Amino acid sequence: MKTAPTPARFTKEQENLWKIYTNTLETLNLHLDRCLKEEVKIKLADYRILAAIIDSPQTDSTDAHPIVRMRDLARATNVSASRLTYQIDVLEKNGWVTKVSVPSDKRGKGVLITQRGRQVFKEAAPVYTREVQRTVFEGLEPDIARALAHFSRSVLGKIAYPERRRVRA
């Protein structure tokens, strides 16, 4: 007969750190969203999708216009397929992207960024960069920046490669 696992518990220090960490990320995202909406009339979620399209390695093209596959865009943005489809529909209504078929895969769906989408991104990028610089990097000590990068890579690695986690007895 198996015994029930012991419920996981935070130490008080862990609980406090987790609360401030998650609150910081949520507050930063709300701040970035507000700044982008006020100054450039774009939501943070839409900005991130445009950024992912622009940064994406494109494997298909039509008339020298790079196509980003929806599945690759979903991976790059950590957005579910259904949520991404909805957001792409919104971006298409705004004239920032166009949905297309992928020439090399009859079933594949892709996205092209329009000239207007590139322009909106070009206007939004300085606002986003300025606010991240001001709120995150300004005054950040190099040792803390390295520790934060190490921490982030560690968490992402545990999620991407759960088999590599150390099992503690």
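Attention in this report is confined to the structure presented alongside it. What you see is a predicted model; the values in this text were computed from it and never measured.

**Concerning the overall build of the chain**
- A tally of regular secondary structure across the chain gives 6 helices and 4 strands.
- Counting from the amino terminus, helix and strand elements in the chain follow one another as α-α-β-β-α-α-β-β-α-α.
- Evaluated residue by residue, the chain yields a buried proportion of 27% over its 169 residues.
- Taking all contacts inside the chain whose residues are at least 6 apart in sequence as the whole, residues at least 24 apart take part in 56%.
- As displayed, the chain has an accessible area near 12,800 Å², and 55% of this comes from carbon and sulfur atoms.

**Quick notes on helix 4 (residues 81-93)**
- Here helix 4 contains 13 residues, and its C-alpha end-to-end distance of 18 Å stays within 8% of the 18 Å for a straight helix at 1.5 Å per residue.
- Among all positions of helix 4, only L84, Q87, I88 and L91 are buried. Taken around the axis of helix 4, the buried residues stretch over an arc of 105 degrees, which confines them to a single face. Set apart from the buried face of helix 4 by more than 90 degrees, the exposed residues are S82 and K93.
- If you follow the buried residues of helix 4, they end up packed against helix 2 (44-55), helix 3 (70-77), strand 3 (97-102) and strand 4 (105-113).
- In the segment just after helix 4, G95 is the residue with positive phi, at about 80 degrees.

**A look at the layout of surface pockets**
- Empty space within the largest pocket amounts to approximately 1,700 Å³.
- Lining the largest pocket are 41 residues; nearest its centre among them are Y21, L25, F151, S152 and L156.
- Only helix 1 (12-40), helix 2, helix 3, helix 5 (115-137) and helix 6 (142-160) provide two or more residues apiece to the lining of the largest pocket.
- Looking at the lining of the largest pocket, the element that brings in the most residues is helix 6, giving 11 residues.
- Its residues assigned to classes, the lining of the largest pocket shows 29 nonpolar, 9 polar and 3 charged.

**Some thoughts on a nonpolar patch on the surface**
- On the surface, L148, F151, V155 and I159 cluster together to form a nonpolar patch covering roughly 350 Å² of accessible area.
- With respect to the secondary-structure elements, V155 resides in helix 6.

**Considering the packing of helix 1 against helix 5**
- Relative orientation of the contacting elements helix 1 and helix 5 amounts to 140 degrees, with a least axis distance of 10 Å. When the axis of helix 1 is compared with that of helix 5, the two are oblique. Here helix 1 runs over helix 5; the crossing is right-handed. For the pair helix 1 and helix 5, the contacting residues are L28, H31, L32, C35, L36, E39 and V40 in the first and V120, E123, A124, V127, Y128, R130, E131, V132, R134, T135 and V136 in the second.
- Classifying every residue of the contact of helix 1 with helix 5 gives 11 nonpolar, 2 polar and 5 charged.

Definitions and cut-offs
The residue numbers shown here count from 1 along each chain, following its written sequence. Reporting in this predicted model follows two pLDDT cut-offs: at least 70 for local features of residues, and 80 or more for side-chain atom pairs to be given and counted; totals over whole chains, interfaces and linings ignore these cut-offs and use all residues. Think of the side-chain values as coming from all heavy atoms in the structure, minus any hydrogens and water. Going along the chain from the N terminus, every DSSP run of H or I of four or more residues is numbered as a helix, and every run of E of two or more is numbered as a strand. Burial here depends on accessible area, computed with a 1.4 Å probe over protein chains only, as a share of the maximum for the residue type. Under 20% is buried, over 50% is exposed, and the range in between is partly exposed. The contact criterion used throughout is that any non-hydrogen atoms of two residues lie within 4.5 Å. Here the accessible surface of atoms and residues is derived via Shrake-Rupley with a 1.4 Å probe, and residues count as covered only by protein chains that are part of the display. What a helix should span is 1.5 Å times the count of its residues minus one. Relevant arc is that of directions from the helix axis to the C-beta atoms, nothing else. In the cavity and pocket records, a cavity denotes points on a 1 Å grid over the protein atoms alone where a 1.4 Å probe fits but cannot get out, a pocket denotes an open set with protein on both sides within 12 Å along at least 5 of 7 lines, and lining residues are residues with an atom within 4 Å of a point. Grid points are joined across faces, edges and corners, and a volume is the space filled by probe spheres set on the points. Residue polarity follows a fixed list, in which Ala, Val, Leu, Ile, Met, Phe, Trp, Tyr, Cys and Pro are nonpolar, Asp, Glu, Lys and Arg are charged, and the others, Gly among them, are polar. Like charges within 9 Å and nonpolar side chains (Val, Leu, Ile, Met, Phe, Trp, Tyr) within 5 Å are joined into patches, using only residues over 30% in relative accessible area that form no salt bridge. Here, a salt bridge means any side-chain nitrogen of Lys or Arg that lies within 4 Å of a carboxyl oxygen of Asp or Glu. Between the N-to-C directions of two axes lies an angle of 0 to 180 degrees, each axis being a line fitted to C-alpha atoms and, for a helix, fitted only over the stretch in contact. Comment on the angle field: the value is read as roughly parallel under 35 degrees, roughly antiparallel over 145, roughly perpendicular from 65 to 115, and oblique elsewhere. Crossing handedness follows the turn of the near helix against the far one: under a right angle anticlockwise gives a left-handed crossing, and clockwise gives a right-handed one.

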